[in-house]
Amino acid sequence: MSNANQGLGQIVSESIVQALLHASLATGRRGRKTSPPRIWIRADRLTDGEPTCYAVFRGKAHSLALPASQEVEARQFLSTTILAVEARARGLVAPRDVPVRVILEWYRDDQRCLYQANRHRRRAHRTMVTRTTTLLRRLGRKVLGDLDGVAITRYIDARMRDAHGAYSKTKKVAPRVSLSTACDDIGHLRRAIQAYVAFFQIPWMPAIKVPAHFTRREFLVDRHLFARILESCRGYVWDKATNGWLMETVVNPTTGEERQVRVRRKPDTVAHRRAVSRLVRIAVYSGTRHGAARALKWKLNARGGCIDVERNAIHRAGYGDDPNGGKPQLSSAMRGPLRSFASIWERRDRITGAQHVIHKLDGSPFRSHLSGTVREVMADAGVPEACVHSLRHASITWMMHDGYDVATVADIIGVSEKTVWAVYRQWNMQSQQRAVGAGRLPIAKIWTAVRLDPAADNDSGAANQGTEKSFRQKVAVLQRAPTGRAVRKPSTDRAARKPKSVRTVRGPARYRRAR
């Protein structure tokens, strides 16, 4: 390319950059009123003994280092100053010096939620606003060049010392923020930087890596742990030190006899945990998510699913809900344990007049997730790593270990077969050991075997002749192989039956067969 063409391309590119900056300056931030740029003569700042000229735009003042007598020149430099400041702020000149606050504020404004958005989009927007607010509080004073691995690790360590947002800040026993929540903040930061770099065509961005972490959804709950969770719903506490239930000594006031009994929570706490007992059973026997299980009713309705005991079906969504919105919530048949519990629950709620399957003590529905009560139950069961969604993973894994095919599991849970294999099914050595153990093999066919082990009989010479009856024994094989070496022998009725027609197929000997 000639020098003239290179100069022309540079002029055109600079013109485009200036046009973009002027356009962004003119439009301002969406949703906010911005005043036009102006010159401000600041009397408390002197230059050569005179007041200094400042350029004011977007609520900030930038010094032009010119005295008040040169106000005309200052107005000429106003546009140039604005372009320089905007280019530096956008990262077009020095991408490493772009403030993190500018990126997060632009991302929050760019990802604003429309009024017509569905409830899933609005909830995702609220989560994004919460995450960016936390990032602004801790990383607002940093620039892109400061975001290295050390800064990310320090942020995660400091974030995990914060109290959980669902609890009061003054509560001393409030749980701390989990590692998953801190890593979720880093994920939002990375998405904000990627969107900002793609929009403004910044030539550089920091390599932000979200550290690998364990999520509570990946925790596999086996049947033993599930039994402990049900006992914790009844108020009992698991002691990890003794690997058993927490015990206490009780003295009989009449006889003075001492005996060991299990520690149990107060009756009010046990009564509140009845809803969690229903929730975990629905999750593990049907694979229903937390939100869908909480909205279940006993009658078909437009918003929210229902349990139809008469038709043995669970509808995870109402007939008025959009099937294409949010996660799939399909209807499926109920398995035996859930059908038994549902019939008992329905009879009880019919007497009390409760409409929801999972409800409060007075019969009113829960307006939000039972996360706090579920967390207390899991802690008492000795599995604080588990959550309600862990039981959804356990439900799918248990069904596949029990012999259900993937298509049936996908229909019962309401997901695709690919999702079952890629997301929900988990590897478990205990189930494999149980599957290959005694009594768990598939039922074998009953066939007649001929024993050819000479050492097992008195006459070894008649083993291959087959003349003596003692050497020909019929062995019924069911789930185990016969002792010794055996060959399959067709039954007598099948051998005596002659084929209707026999036709020889010409060709090599190895391909000949009778039809």
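Remember, predicted model here, so these are calculated numbers, not experimental data.

## Some words on the overall build of the protein chain
Moving on, step 1. The helix and strand inventory of the protein chain stands at 18 helices and 12 strands.
Moving on, step 2. Here the protein chain holds 515 residues, and the buried ones make up 36% of them.
Moving on, step 3. The contacts of the protein chain with a sequence gap of at least 6 include a subset with a gap of at least 24, amounting to 57%.
Moving on, step 4. Counting only carbon and sulfur atoms, one obtains 52% of the accessible surface of the protein chain, whose full area is about 32800 Å².

## As for the pairing of strand β1 (residues 38-47)
Moving on, step 1. The sheet contact formed by β1 and strand β2 (residues 50-57) spans 7 bridges and is antiparallel. Bridging from a neighbouring strand, I41 pairs with C53 of β2.
Moving on, step 2. Hairpin remark: β1 followed by β2, antiparallel, with 2 residues in the connecting loop; positive phi at D48, about 60°.

## Brief notes about the sheet that holds β1
Moving on, step 1. Reading across the sheet, the 3 strands line up as β1-β2-β3 and stay open at both edges, with antiparallel pairing between neighbours. Only two strands of the sheet have a single partner each, and these edge strands are β1 and β3 (60-67). Within this sheet the neighbouring strands show an average axis-to-axis angle of 35°, counted without direction.

## Things to note about the packing of helix α8 (residues 223-233) against helix α10 (residues 274-286)
Moving on, step 1. Relative to each other, α8 and α10 sit at 160°, their axes nearing to 9 Å. By the angle between their directions, the pair α8 and α10 is classed as roughly antiparallel. α8 and α10 meet at a crossing whose hand is left-handed. Contacts between α8 and α10 involve F226, I229, L230 and C233 from the former and V276, S277, V280, R281, V284 and Y285 from the latter.

## Brief notes about the pattern of salt bridges
Pairing is possible between side chains that carry opposite charge, provided their charged atoms lie close to one another.
Moving on, step 1. Per the stated rule, a full pass over the model turns up 14 salt bridges.
Moving on, step 2. We note a salt bridge from R101 to E105, for which the minimum N-O separation is 4.0 Å. Of this pair, R101 and E105 both sit in helix α4 (residues 100-110), 4 residues apart, roughly one helical turn.
Moving on, step 3. By relative accessible area, which is 35% here, R101 ends up partly exposed.
Moving on, step 4. Ionic pairing is found between E346 and R350, a salt bridge with its closest N-O pair at 2.4 Å. Here R350 and E346 lie together in helix α12 (residues 336-352), a separation of 4 residues that amounts to about one turn.
Moving on, step 5. Look at E346 and you get buried, because its relative accessible area is 19%.
Moving on, step 6. Using a relative accessible area of 59% as the deciding quantity, one classes R350 as exposed.
Moving on, step 7. Because the salt bridges share partners, they merge into one network encompassing R131, R138, R159, D162, D184 and D185.

## Description of the packing of α4 against helix α7 (residues 179-200)
Moving on, step 1. Relative orientation of the contacting elements α4 and α7 amounts to 85°, with a least axis distance of 9 Å. Regarding the angle of α4 to α7, the classification is roughly perpendicular. In this structure, α4 contributes V100, V102, I103, L104, W106 and Y107 to the contact, and α7 contributes L189, R191, A192, I193, A195, Y196, F199 and F200.
Moving on, step 2. Residue composition of the contact of α4 with α7, grouped by class: 13 nonpolar, no polar and 1 charged.

## Some details on the environment of W245
Moving on, step 1. Residue placement: W245 occurs in strand β5 (residues 244-245).
Moving on, step 2. Residues W245 and S232 lie 13 residues apart in sequence; the distance between their C-alpha atoms is 9.9 Å.
Moving on, step 3. The contacts of W245, once residues within four sequence positions are left out, are R228, E231, S232, Y236, V237, W238, D239 and R262.

## A closer look at the side chain of S395
Moving on, step 1. The topology assignment puts S395 in helix α14 (residues 388-401).
Moving on, step 2. With a relative accessible area of 0%, S395 lands in the buried category.

## Looking at the packing of aromatic side chains
Moving on, step 1. A full pass over the atoms with the stated rule returns 9 aromatic pairs.
Moving on, step 2. With a centroid separation of 5.9 Å and an interplanar angle of 50°, the aromatic rings of W40 and Y54 are classed as tilted. Of this pair, W40 sits in strand β1 while Y54 sits in strand β2, and the two are 14 residues apart along the sequence.
Moving on, step 3. The exposure class assigned to W40 is partly exposed, which follows from its relative accessible area of 34%.
Moving on, step 4. An aromatic cluster of at least three residues, connected via ring pairs, comprises F226, Y285, F341, W345 and W398.
Moving on, step 5. Above the plane of the ring of Y236 lies R262, whose end atom (NZ or CZ) is 3.7 Å from the centre.

## Description of the confidence of the model for the protein chain
Moving on, step 1. When the pLDDT values of the protein chain are averaged, the result is 76; 68% of them are 70 or greater.
Moving on, step 2. Averaged over each element, pLDDT in the protein chain is lowest for strand β11 (residues 448-451) (40) and highest for α10 (94).

## Remarks on the sheet that holds strand β8 (residues 306-308)
Moving on, step 1. Strand order across the open sheet formed by 3 strands is β8-β9-β10, with antiparallel pairing between neighbours. Taken across any chain shown, the strands that pair with only one partner, and hence form the sheet edges, are β8 and β10 (331-333). Neighbour-to-neighbour, the strand axes of the sheet open up by a mean angle of 15°, direction not taken into account.
Moving on, step 2. With 3 bridges joining them, strand β9 (residues 313-315) and β10 adopt antiparallel strand pairing. Considered in β10, the bridge of H315 is made with S331.

The rules we used
Residues numbered from 1 in each chain as written. Predicted model: local features only at pLDDT ≥ 70, side-chain atom pairs only at ≥ 80, totals over all residues. Heavy atoms only, no water. Helix = DSSP H or I, 4+ residues; strand = E, 2+ residues; numbered from the N terminus. Buried < 20%, exposed > 50% of the residue type's maximum accessible area, 1.4 Å probe, protein only. Contact = heavy atoms within 4.5 Å. Areas by Shrake-Rupley, 256 points an atom, 1.4 Å probe, with all protein chains shown as cover. Pairing = 2+ DSSP bridges. Axes fitted to C-alpha atoms, helices over the stretch in contact; angles between N-to-C directions. Parallel < 35°, antiparallel > 145°, perpendicular 65-115°, else oblique. Left-handed = near helix turned anticlockwise from the far one by under 90°. Salt bridge = Lys/Arg side-chain N within 4 Å of Asp/Glu carboxyl O. Nonpolar A, V, L, I, M, F, W, Y, C, P; charged D, E, K, R; others polar. Phe/Tyr/Trp six-rings, centres within 6.5 Å; stacked < 30°, edge-to-face > 60°. Lys NZ or Arg CZ within 6 Å of the ring centre and 35° of its normal. pLDDT = per-residue confidence, 0-100.

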